[in-house]
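# Chains, contacts and geometry: an overview
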Amino acid sequence: MIIVEDLVKTFGGFHAVDGASLTIQEGSITGLIGPNGAGKTTLFNVIAGVLKPTSGRVTMQGADITGLPPHTLFHKGLLRTFQIAHEFSSMTVRENLMMVPGDQSGETLWNAWIGRRRIADEERALQAKADEVLEFLTIDHLKDEKAGNLSGGQKKLLELGRTMMVDAQIVFLDEVGAGVNRTLLNTIGDAIIRLNKERNYTFVVIEHDMDFIGRLCDPVICMAEGHVLAEGTLAEIKANEQVIEAYLGTGLKNKDKVSAT
């Protein structure tokens with residue numbers, strides 16, 4: 001699905017991403033882990049078009065997407081969420097979902113004058129789609145609630161719901177568990193697994209919760225100092241001496257500490 005080749009992103013003299021190369025297989029749930037400052041979010045931002053790379057190449061299903069802006073990638077089915085949820089707080093949960101699809105008839109002044117029936121038909125279809133998504137995510141009871149009133153975990157579910165309003169092919173989730181209680185995190189995990197198995201979504205997940213990573217992700221990629229350090233199952237990653245060194249700055253004697261982090 002995605003191939004990243006020797007990607008570099010610098011800020012002044014600092015190499016946030018420093019020659020990272022990796023492959024994301026279609027239909028996988030890939031975990032991306034690493035200590036703070038490893039370059040994980042910057043890598044996401046470059047792949048998703050939020051930042052332009054200093055050098056390197058990104059391809060999606062064989063097509064070069066290096067440096068394309070987020071709205072272009074959105075229409076290609078590449079979406080990302082953020083560590084801090086971005087909702088329209090004064091709009092309802094349902095309205096937040098209904099506004100996601102692009103090129104709606106009501107967005108043009110001309111259609112607002114002469115295409116009111118078409119706009120109404122589209123809105124009914126979007127409302128039905130939004131209600132289906134909310135039911136899938138088990139938050140349909142919140143459809144008329146202002147999005148700003150949701151808890152942190154509910155906002156993360158809403159962000160996941162946005163990806164379901166369009167034909168997403170690959171979704172990059174940035175610390176989906178941050179600030180989320182265990183019950184809601186399990187609900188989010190269930191939704192990700194179902195989207196992967198039932199709708200063939202490909203996911204890449206940045207997360208520090210190793211239980212969450214272990215439940216969802218195979219393979220797991222570990223980054224450190226801007227480059228890919230190791231790749232494998234979570235068990236293989238935990239046993240990797242370079243990974244232990246990156247997290248703790250120590251050797252095998254502290255391997256058990258990595259398993260607990």
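Read on for an overview of the structure.

As a further point, take empty space enclosed by the protein. With the rule as written, the count across this model stands at three cavities of 30 Å³ or more. Its volume calculated, the largest cavity comes out at about 50 Å³. For the largest cavity, the full set of lining residues is Leu22, Ile24, Thr30, Gly31, Leu32, Leu43, Phe44, Ile47, Phe172, Val204 and Ile221. Elements represented by at least two residues in the lining of the largest cavity include exactly β2 (14–24), β3 (29–33) and α1 (40–47). Across the lining of the largest cavity, the residue classes tally to nine nonpolar, two polar and no charged.

For the rest of this paragraph, the subject is the sheet that holds strand β1 (residues 2–11). Where strands meet in a sheet, backbone hydrogen bonds hold them as pairs that are either parallel or antiparallel. What the four strands build is an open sheet, ordered β2-β1-β4-β5; its pairing is antiparallel. Both outer strands of the open sheet, β2 and β5 (63–64), are each paired with one neighbouring strand and no more. Sheet analysis places strand β4 (residues 55–60) next to β5, joined by two bridges and oriented antiparallel. Within the sheet, the bridge partner assigned to Thr59 lies in β5 and is Asp64. Seen against the sheet, α1 touches β1, β2 and β4 and runs at an angle of roughly 115 degrees to β1.

On to the nonpolar core. Counting 50 residues, the largest nonpolar core has Leu137, Leu160, Leu173, Ile192 and Phe203 as the members making the most contacts within it. When residues in this core are grouped by element, the largest group, six residues, is from helix α7 (residues 182–199). Residues within four places of Leu173 in sequence aside, it is in contact with Phe44, Thr81, Leu160, Ile192, Phe203, Val204, Val205 and Ile206. Grouped together as the second largest cluster of nonpolar side chains are 26 residues, Val4, Leu43, Val46 and Met223 included.

Turning our eyes to something else, we now look at the pairing of β4. As defined by bridge partners, β1 adjoins β4 across five bridges and the pair is classed as antiparallel. Bridged to Ile2 within β4 is Met60. The antiparallel pairing of β4 with β5 creates a hairpin that spans two residues between the two strands, and Gln61 there sits at a positive phi of about 50 degrees.

Along the chain, Leu73 falls in helix α2 (residues 70–75). Distance in space between the C-alpha atoms of Leu73 and Ile47 is 9.4 Å, their sequence separation being 26 residues. In this structure Leu73 touches Ile47, Ala48, Gly49, Ile65, Leu68 and Leu78, once residues within four positions along its chain are discounted.

Here we come to the side chain of Asn196. Tracing the chain through its elements places Asn196 in helix α7. For Asn196, a relative accessible area of 12% translates into the label buried. Apart from the residues within four sequence positions on either side, Asn196 is in contact with Gly27, Ser28, Ile29, Tyr201 and Phe203.

Here the focus is the layout of surface pockets. By volume, the largest pocket is sized at about 580 Å³. Along the wall of the largest pocket there are 21 residues; nearest its centre are Phe74, Leu79, Arg80, Val100 and Arg162. Counting residues per element, the ones that place at least two in the lining of the largest pocket are α2, β6 (78–80) and α6 (152–164). Take the lining of the largest pocket: its biggest share by element is five residues, from α2.

The rules behind the values
- Residues numbered from 1 in each chain as written.
- Predicted model: local features only at pLDDT ≥ 70, side-chain atom pairs only at ≥ 80, totals over all residues.
- Heavy atoms only, no water.
- 1 Å grid on protein atoms, 1.4 Å probe; cavity = no way out; pocket = protein on both sides within 12 Å on 5 of 7 lines; lining within 4 Å.
- Points joined across faces, edges and corners; volume = space filled by probe spheres on them.
- Helix = DSSP H or I, 4+ residues; strand = E, 2+ residues; numbered from the N terminus.
- Nonpolar A, V, L, I, M, F, W, Y, C, P; charged D, E, K, R; others polar.
- Pairing = 2+ DSSP bridges.
- Contact = heavy atoms within 4.5 Å.
- Axes fitted to C-alpha atoms, helices over the stretch in contact; angles between N-to-C directions.
- Core = buried A, V, L, I, M, F, W, Y, C linked by side-chain atoms within 4.5 Å.
- Buried < 20%, exposed > 50% of the residue type's maximum accessible area, 1.4 Å probe, protein only.

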